[in-house]
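Secondary and tertiary structure notes
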Amino acid sequence: MNRQTQKRLLGIAALIVAAVIWQIVAEYVVGRSFILPSVTDVAGAFVNLLGSGTLLADITVSLEHFGIGLLAAFFLGVPIGILMGWFRVADFLLDPIIEILRPIPPLAWIPFAIIWFGLTTQAAGFVIFAGAFFPILTATYSGFRDVPKVFVEAGKVLGCDTSFELIRYVALPAAVPAIASGIRIAMGVGWMCLVAAEMFGVSRYGLGYQLWHNYYLHQMPNVVVYMLILGLAGLTIDRIFRNYVDGQLLRWRAGEVA
Amino acid sequence: MSGVTIRDLGKAFPKEDGTATQALAGVSLEISDEEFVCLVGPSGCGKTTLLRIIAGLETATTGGVTVDGRAVTGPDPKRGMVFQEYSLFPWRRVIDNVAFGLEMKGVAKEERRRTADHYLELVGLSQFRDAYPFELSGGMRQRVAIARALANDPDVLLMDEPFGALDAQTRNRMQKELLSLWEQTKKTIVFVTHSVDEAVYLSDRIVVLSPRPGSIREIIEIPWPRPRDRTSAEFAEVRRRVLRMIDETENAH
C-alpha cells in the first residue's frame, strides 16, 4: 500500500469514527435533537431538503452575493493596492484613510449597507465586499513592496521605460503569488460575512438565510445541513481557485516550497 | 563606435545627518570600442556604483558618462547589464526571458523568439528554451542573463560580478565562454569583479580603484593573447602586483 492510499484510508477511517462518536453522543448522552442533532437526523434532514427543491436556489443566491462581494473587492482592491505599492505619493495619501477604515469590523457596515442599498442582493454583496476588500488590498500592496529590486532594475535596463510597463511586465507578475493568497484569505472572510449579511432578509433564499430561518423554526438538523453546505462550498471554491492558480498562473513556482 | 567616456565623475550619497558619503571622486576613464575592461578594488571602492552610473541606474553628482558621444541620462537597452544576483524573471520561460527586451521594443512574437533562439544557441542553452528559471543551475541562469542582455544588441555590456555566486569550476568555464562570446559579438565589456584572477584572465585593461572616495589608483594593460594560462609566471606576476596594490589602498586608510 503506498503513502497516498494509506493517507486516504486513514482519513476516511477517522471520519467514520468521528461520525460514530457524534451519533453515540447525540443519541445516548445528549438525547435531544434540538441541542445536538445526530448524524441520522442530519442525513434525514438533508434528504428532505433535497426533496423540497430550494437547495439549488439557496446555493445560487449565496454564490451571487459572494460573487458580487469578491469581484468588487478584487476590482477595487488590486488597483488601489498597486497604486499604493508602487507610487509613494499614493501611499502617503491613501494610507491614513485605509488605516482608519480597515479596523472597522465588516459586519459594522450592515446598517449602512441596508440604508444605502435596501434589503437587496447588493446590500449583501456590499457587506461581503467590506470584509474581502482589505485582505486583497493589503496583499497586493505588500506583494508590490516586496518585488525584488533587481527585477525592477533588470526591467529598466531591458527597456521598460514607463511605470506602466514596469508594473505590467515586472511587478504585477512578481506579485501574483501574494495577490492570490490575499484572495484566498478574502474568500474565507467573505463566507463569514455572507452568513451575517443574509441574516437580515435581503433575499428569500441563500445558505446563510436558511441557516437563520431554520434556527427560528427550531429545525436544528436543517441548521447543521446548511452549516455543512456552507463549509463545503467554501472548501470547493478554495480548491478550484488554488488548482487554477497553481496550474495556470504559478507553474513557474513548481520548484519552490509553498 | 561604442566607446565609453567617463569624465571627472563624482558621486555622493546623502546620509541621514545631512552630510554625504563621497563614493566616487574625480574618476576619468576612456574605454574604447570592443575593449574588455575589468574594474577591481577593495569593497567600498565604488566599482559597482561606477558601473551602475554607466548603466544609468544611478546618477552622477558631478561629471558624466557618454557612450558613443551621447550622455547617459537613464537606463537604456543600448547598455546591457548582467547582475550579480539572479535576475531572470522567474515567471517567464527561458526563451521569453531572452526575448523580453525585444518584446519591450515591440518586436513581433515570431521574430523576437527567432532572435532569442539565436542567442540561446550562442550560450549553449537551446535545449532549455522552454524551461523555467527554477529548473536551471546557477551557471545556466547567468548564461541566460547574458543572452538576455545580448538579445537587445547593446553597444556596451555591463557586468556586475556576474560569476560571484558560482563555484570555482563553473566560474572558470563561464569565463572561457564569455571570452568566446566577446570574440563573436565584439561588444565593449565593462566587468566588475572581486577576483583579481578573473580580471587578469579576462581583460585588456584592469582598472584598480582605491576607496574613500573611490578613485582610479592605476590602470594595468594586459596585451597578451587569449586564452591565457593562469599558471604562467607572468600571469602570477600581474596578479601579485594587482593584489599588492589593492592591499595598499585598503591599508592606507
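Residues numbered from 1 in each chain as written. Chains lettered and ligands numbered in written order. Predicted model: local features only at pLDDT ≥ 70, side-chain atom pairs only at ≥ 80, totals over all residues. Heavy atoms only, no water.

Considerations on the overall build of chain B
The line we're drawing: Runs of E in the DSSP output that reach at least two residues are strands. Runs of H or I that reach at least four are helices, and both are numbered from the N terminus. As defined in this context, the radius of gyration uses C-alpha atoms, and a globule is described by 2.2 Å times the residue total to the power 0.38. In what follows, a contact means two residues having at least one pair of non-hydrogen atoms within 4.5 Å. Here the open area of atoms and residues is found with the Shrake-Rupley method and a 1.4 Å probe, where only the protein chains shown may cover a residue. Positive charges come from Lys and Arg alone, negative charges from Asp and Glu alone, with His and the N- and C-terminal ends not counted. Here the site of a charge means atom NZ of a Lys, CZ of an Arg, CG of an Asp or CD of a Glu.
Of the regular secondary structure elements, chain B holds eight helices and 10 strands. Scaling as 2.2 N^0.38, a compact globule of 253 residues should have a C-alpha radius of gyration of about 18 Å, and chain B matches this with 18 Å. Sequence-distant contacts, at least 24 apart, represent 69% of the contacts inside chain B between residues at least 6 apart. When the accessible surface of chain B is totalled, it reaches about 11,000 Å², and 47% of it is carbon and sulfur. Each charge class in chain B was averaged separately, 34 positive and 37 negative side chains, and the resulting centres sit 2 Å apart.

Overview of the packing of helix 9 (residues 207–216) of chain A against helix 10 (residues 220–249) of chain A
Residue and element names in this part refer to chain A. Counted only if it meets this: For helices, the fitted axis covers only the stretch in contact; all axes are lines through C-alpha atoms, and the angles between them, taken along N-to-C directions, range from 0 to 180 degrees. The labels follow the angle: roughly parallel below 35 degrees, roughly antiparallel above 145, roughly perpendicular from 65 to 115, and oblique for the rest. Crossing handedness: left-handed means the near helix sits turned counterclockwise from the far one by under a right angle, and right-handed means the same turn made clockwise. Polar here means any residue other than Ala, Val, Leu, Ile, Met, Phe, Trp, Tyr, Cys and Pro, which are nonpolar, and Asp, Glu, Lys and Arg, which are charged; Gly is therefore polar.
Running from N to C, helix 9 and helix 10 point in directions that differ by 160°, and their axes come no closer than 8 Å. Between helix 9 and helix 10, the interaxial angle falls into the category roughly antiparallel. Here helix 9 runs over helix 10; the crossing is left-handed. Every residue of helix 10 that contacts helix 9 at Leu207, Gln210, Leu211, Asn214 and Tyr215 is listed here: Met220, Asn222, Val223, Tyr226, Met227, Ile229 and Leu230. A per-class count over the contact of helix 9 with helix 10 returns nine nonpolar, three polar and no charged.

Topic: the sheet that holds strand 3 (residues 36–40) of chain B
Residues and elements named next belong to chain B. Just so we agree on the cut-off: Pairing between two strands is assigned when DSSP locates at least 2 bridges connecting them.
Taken in spatial order, the six strands of this open sheet run 6-7-8-3-9-10, and their pairing is mixed. Each edge of the open sheet is held by one strand with a lone partner, namely strand 6 (79–82) and strand 10 (215–221). Neighbour-to-neighbour, the strand axes of the sheet open up by a mean angle of 20°, direction not taken into account. As paired elements, strand 7 (residues 156–160) and strand 8 (residues 188–192) share five bridges and run parallel to each other. Note on strand 8: the bridge partner recorded for Asp160 is Val192.

Some details on a positive patch on the surface
All names here are of chain A. The test is simple: Note that patches include only residues with greater than 30% relative accessible area and no salt bridge, and the join distances are 9 Å for like charges and 5 Å for nonpolar side chains (Val, Leu, Ile, Met, Phe, Trp, Tyr). Any Lys or Arg side-chain nitrogen located within 4 Å of an Asp or Glu carboxyl oxygen qualifies as a salt bridge. Only protein chains enter the calculation, and the probe is 1.4 Å; a residue is then buried if its accessible area is under 20% of its type maximum, exposed if over 50%, and partly exposed in between.
Residues Lys7, Arg8, Arg239 and Arg242 make up a contiguous surface patch of positive charge. Secondary structure elements with two or more residues in the positive patch: helix 1 (3–30) and helix 10. Assignment of secondary structure puts Arg242 in helix 10. With relative accessibility at 36%, the residue Arg242 sits in the partly exposed group.

Digging into the interface of chain A and chain B
Quick reminder of the rule: Two parts lose some accessible area (1.4 Å probe) when they are put together, and adding that loss for both gives the buried area.
Every contact between the two is made by 21 residues of chain A and, on the other side, 25 residues of chain B. Both faces combined, the contact of chain A with chain B buries some 2,000 Å², and carbon together with sulfur accounts for 74% of it. Among the residues of chain A in contact with chain B, Val157, Leu158 and Trp252 of chain A are the three that bury the most area, contributing 37% of the side total. Counting the contacts that link chain A with chain B gives one salt bridge. Close ionic contact of Arg52 of chain B with Glu153 of chain A constitutes a salt bridge, the shortest N to O distance being 2.6 Å.

Here's the deal with the domain arrangement of chain B
All names here are of chain B. To keep things clear, this is the line we draw: An automatic or database domain assignment provides the domain bounds reported here. What qualifies as a polar contact is a pair of N or O atoms within 3.5 Å, subject to a donor-acceptor requirement within protein and to the restriction that residues adjacent in sequence count only when both atoms come from side chains.
Segmenting chain B into domains produces domain 1 (4–78 + 154–251) and domain 2 (89–153). A separation of 25 Å is found between the C-alpha centroids of domain 1 and domain 2. Regarding the contact of domain 1 and domain 2, the summed buried area is about 1,200 Å², with carbon and sulfur atoms giving 70% of it. On the surface where domain 1 and domain 2 come into contact, there are two salt bridges. Linking domain 1 with domain 2 are four residue pairs in polar contact (both at pLDDT 80 or more). Those elements that place two or more of their residues in the side of domain 1 that touches domain 2 are strand 7 and helix 6 (168–185). Considering each element in turn, the side of domain 1 that touches domain 2 owes the most residues, seven residues, to helix 6. Residue composition of the side of domain 1 that touches domain 2, by class: nine nonpolar, three polar and five charged.

Let's talk about helix 5 (residues 138–150) of chain B
The cut-off we apply is this: By definition here, a helix of n residues has an expected span of 1.5 Å times n minus one.
A rise of 1.5 Å per residue sets the reference length of helix 5 of chain B, with its 13 residues, at 18 Å; its end C-alpha atoms lie 19 Å apart and thus fit the reference within 8%. Of all 13 residues in helix 5 of chain B, 11 are buried; the element is thus mostly enclosed. Buried within helix 5 of chain B we find Gly139, Met140, Gln142, Arg143, Val144, Ala145, Ile146, Ala147, Arg148, Ala149 and Leu150 of chain B. The inward-facing, buried residues of helix 5 of chain B abut helix 7 (149–157) of chain A together with strand 6, helix 2 (94–98), helix 4 (109–122), strand 7 and helix 6 of chain B.

Considerations on the sheet that holds strand 2 (residues 20–31) of chain B
All names here are of chain B. Strands sit in the order 2-1-4-5 across an open sheet of four strands; the sheet is antiparallel. Where the open sheet ends on each side, the last strands, each with one partner, are strand 2 and strand 5 (70–71). Strand direction decides the pairing type here: strand 1 (residues 4–14) and strand 4 (residues 62–67), joined by five bridges, are antiparallel. Each bridged residue has a counterpart across the sheet, and for Arg7 the counterpart in strand 4 is Gly64. With respect to the sheet, helix 1 (residues 47–55) is in contact with strand 1, strand 2 and strand 4, its orientation differing from that of strand 1 by roughly 115°.

Describing the pairing of strand 3 of chain B
It is a general feature of regular strands that their side chains alternate between the two faces of the sheet. Residue and element names in this part refer to chain B. Summarising burial for strand 3: five of the five residues are buried, a large majority. Direction of pairing for strand 3 relative to strand 8: parallel, over a ladder of four bridges. Bridging from a neighbouring strand, Cys38 pairs with Phe191 of strand 8.

Some thoughts on the packing of aromatic side chains
Residues and elements named next belong to chain A. Cut-off, in case you're wondering: Working definition: rings of Phe, Tyr and Trp (its six-membered ring) pair if their centres are within 6.5 Å, and the pair is stacked with planes under 30 degrees apart, edge-to-face with planes over 60 apart, and tilted otherwise.
One pass over the structure, following the stated rule, counts 23 aromatic pairs over all chains. Between Phe74 and Phe75, the aromatic rings sit 5.2 Å apart at their centres with planes inclined by 85°, giving edge-to-face as the arrangement. The exposure class assigned to Phe75 is exposed, which follows from its relative accessible area of 57%. Consider the rings of Trp212 and Tyr215, whose centres lie 6.3 Å apart with planes at 80°: the pair is edge-to-face.

With respect to the pattern of salt bridges
Residue and element names in this part refer to chain B. The final tally for this structure, using the stated rule, is 22 salt bridges over all chains. With a closest N to O distance of 2.5 Å, Glu35 and Arg205 form a salt bridge. Of this pair, Glu35 sits in the loop between strand 2 and strand 3 while Arg205 is found in strand 9 (residues 205–210), placing the two residues 170 residues apart along the sequence. No difference in accessibility class separates Glu35 from Arg205, as the two residues are buried. Salt-bridge contacts for Glu237 lead to Arg240; the nearest nitrogen and oxygen are separated by 3.3 Å. In this pair, Glu237 and Arg240 are both assigned in helix 8 (residues 233–251), three residues apart and thus about one turn of the helix distant. Taking relative accessible area as the criterion, Arg240 reaches 46% and is therefore assigned partly exposed.

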